[in-house]
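Each chain is listed here by its residues.
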Amino acid sequence: MPPVINEDRCVPCHVCVEVCPEDVFYGSNAGELPAITYPDECYHCAACVIDCPTEAITLYIPLAMRL
């Protein structure tokens, strides 16, 4: 599953856009809520979750990847 952004907590700093190694947030405009353009490209590294200053991003990691 792709990352989910809590719109109430997100302050569009775009740290998630910058740290994502797979460009899941490609094409996001500055000052706007980051767009999840390529959700299938997310390989659940959790870089966006870890670096988000407001903890606005959640990521469900599939069971097979947790083992």
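This text follows the structure it describes.
Residues numbered from 1 in each chain as written. Predicted model: local features only at pLDDT ≥ 70, side-chain atom pairs only at ≥ 80, totals over all residues. Heavy atoms only, no water.

1. Thoughts on a negative patch on the surface
Argument step 1. On the surface, a cluster of negative charge is made up of Glu-22, Asp-23, Asp-40 and Glu-41.
Argument step 2. With respect to the helices, strands and loops of the structure, Glu-41 is situated in the loop between helix H1 (15-19) and helix H2 (47-51). (Patch = residues over 30% accessible without salt bridge, like charges linked within 9 Å, V, L, I, M, F, W, Y side chains within 5 Å. Areas by Shrake-Rupley, 256 points an atom, 1.4 Å probe, with all protein chains shown as cover. Salt bridge = Lys/Arg side-chain N within 4 Å of Asp/Glu carboxyl O. Lys, Arg positive; Asp, Glu negative; His and termini not counted. Charge placed at Lys NZ, Arg CZ, Asp CG, Glu CD. Helix = DSSP H or I, 4+ residues; strand = E, 2+ residues; numbered from the N terminus.)

2. Details of the packing of aromatic side chains
Argument step 1. One pass over the structure, following the stated rule, counts 1 aromatic pair.
Argument step 2. On the numbers, 6.2 Å between centres and 35° between planes, the contact of Tyr-26 with Tyr-38 is tilted. Here Tyr-26 is found in the loop between H1 and H2, whereas its partner Tyr-38 is found in the loop between H1 and H2, with 12 residues between them in sequence.
Argument step 3. Residue class for Tyr-38 comes out partly exposed when judged on its relative accessible area of 42%. (Phe/Tyr/Trp six-rings, centres within 6.5 Å; stacked < 30°, edge-to-face > 60°. Buried < 20%, exposed > 50% of the residue type's maximum accessible area, 1.4 Å probe, protein only.)

3. Structural notes on the state of the cysteines
Argument step 1. Per the stated rule, a full pass over the model turns up 0 disulfides.
Argument step 2. The closest cysteine sulfur to the non-disulfide-bonded Cys-13 is located on Cys-52, 6.0 Å from its own sulfur.
Argument step 3. The exposure class of Cys-52 is buried, given its relative accessible area of 13%. (Disulfide = S-S within 2.5 Å.)

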